[in-house]
Amino acid sequence: MSDAISASEASEALGPLGWVVDGDAVRARFRTGSFTAGVELIEAIAELAEEANHHPDVDLRFPSVTVHLSSHDIGGISRRDVLLGQQITAAARELDIEVERED
């Protein structure tokens, strides 16, 4: 059984946290404020990704980190993406890093 979910389901679950649906993925940009804080966030993301055996695309730029989550095995968004997105957001908050909300 596939754990695929619709874009609207993903938006409902992650939208309140600042994530947006971006094609067949969900995306969030975290305003780190510094390169060092960005590296700390990426280290936290790496731990979570390894635990979940689900690996996002991560882009480190000064002063932000952008994360794309997609389940390549199903060609879209899955419940795994939602769970990892929630965990990444929680890890960022522990580091006092917030999602940069898009309007």
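As shown above, the structure is provided for reference.
Scope of this entry: the structure provided in the associated data block. Bear in mind the structure is a predicted one, so any value in this text is a computation, not a measurement.

This brings us to the overall build of the protein chain. For the protein chain, the count of helices and strands is three helices and five strands. Taking 103 residues into account, the globule formula puts the C-alpha radius of gyration at 13 Å, and the protein chain, at 13 Å, falls close to it. Its C-alpha atoms give the protein chain principal-axis dimensions of roughly 40 × 30 × 20 Å. The burial tally for the protein chain puts 40% of its 103 residues in the buried class. About 5,800 Å² of surface is accessible on the protein chain, with carbon and sulfur atoms providing 49% of the total. Here the protein chain holds 8 positive side-chain charges and 20 negative ones, and the gap between their average locations is 5 Å.

The amide bond that connects Phe-62 to the next residue, Pro-63, takes the cis arrangement and shows omega of 0 degrees. Mapped onto the elements, Pro-63 comes out in the loop between β3 (57–61) and β4 (64–69). We note that Asn-53 has phi near 50 degrees; this positive angle belongs to a residue other than glycine. Relative to the elements of secondary structure, Asn-53 occurs in the loop between α2 (35–52) and β3.

Topologically, Ser-71 is positioned in the loop between β4 and α3 (79–94). On the basis of relative accessibility, which here comes to 1%, the residue Ser-71 falls in the buried class. Setting aside residues no more than four positions away along its own chain, Ser-71 makes contact with His-54, Gly-76, Ser-78, Arg-80 and Asp-81.

With that out of the way, let us pick up the pairing of strand β2 (residues 25–31). Counting buried residues along β2, five of its seven residues qualify, which places the element largely inside the surrounding structure. With three bridges joining them, strand β1 (residues 20–22) and β2 adopt antiparallel strand pairing. By the bridge assignment, Val-21 is partnered in β2 with Val-26. Bridge count between β2 and β4: six bridges; the pairing is antiparallel.

In this section: α2. Residues lying three or four places apart along an α-helix face the same way, a consequence of the helix completing one turn every 3.6 residues. The end-to-end C-alpha separation of α2 is 26 Å, in line with the 26 Å expected for 18 residues at 1.5 Å each. Residues Ala-37, Gly-38, Leu-41, Ile-45, Leu-48 and Ala-49 constitute the buried set of α2. The arc that holds every buried residue of α2, seen down its axis, measures 110 degrees, which confines them to one face. Exposed and facing more than 90 degrees away from the buried side of α2 are Thr-36, Glu-43, Glu-47, Glu-50 and Glu-51.

What follows covers the nonpolar core. The tendency in soluble globular proteins is for nonpolar side chains to be buried as a group. Formed by 23 residues in total, the largest nonpolar core has its most connected members in Trp-19, Val-26, Phe-30, Leu-41, Val-67 and Ile-88. At the level of secondary structure, the elements contributing two or more residues to this core comprise α1 (7–14), β2, α2, β4 and α3. The contacts of Leu-41, once residues within four sequence positions are left out, are Phe-30, Thr-32, Val-65, Ala-92, Leu-95 and Ile-97.

What counts and what doesn't
- Going along each chain's sequence as written, the residues are numbered from 1 onward.
- For a predicted model such as this one, the threshold for reporting local features is a pLDDT of at least 70, and the threshold for listing and counting side-chain atom pairs is 80 or more; totals across whole chains, interfaces and linings nevertheless cover every residue.
- Calculated side-chain values reflect all of the structure's heavy atoms, with hydrogen atoms and water omitted.
- By definition, any uninterrupted DSSP run of H or I lasting at least four residues is a helix, any uninterrupted run of E lasting at least two residues is a strand, and each is numbered from the N terminus.
- With C-alpha atoms as the basis for the radius of gyration, the globule rule is written as 2.2 Å multiplied by the number of residues raised to the power 0.38.
- Relative accessible area decides the class of each residue, using a 1.4 Å probe on protein chains only: under 20% of the type maximum gives buried, over 50% gives exposed, and in between gives partly exposed.
- Note on areas: Shrake-Rupley, 1.4 Å probe, and residue coverage restricted to the protein chains presented here.
- Counted as positive: Lys and Arg. Counted as negative: Asp and Glu, with His and the chain ends omitted from the count.
- The atom standing in for a charge is NZ when the residue is Lys, CZ when it is Arg, CG when it is Asp and CD when it is Glu.
- When checking whether two residues touch, look at their non-hydrogen atoms; a contact exists if any pair is within 4.5 Å.
- In short, DSSP must find at least two bridges between two strands for them to pair.
- Multiplying 1.5 Å by the residue count of a helix minus one yields the expected span of that helix.
- The arc in question is formed by the directions pointing from the helix axis toward the C-beta atoms.
- Within this scheme, the nonpolar core is defined by two criteria: the residues are buried Ala, Val, Leu, Ile, Met, Phe, Trp, Tyr or Cys, and they are joined through side-chain atoms within 4.5 Å.

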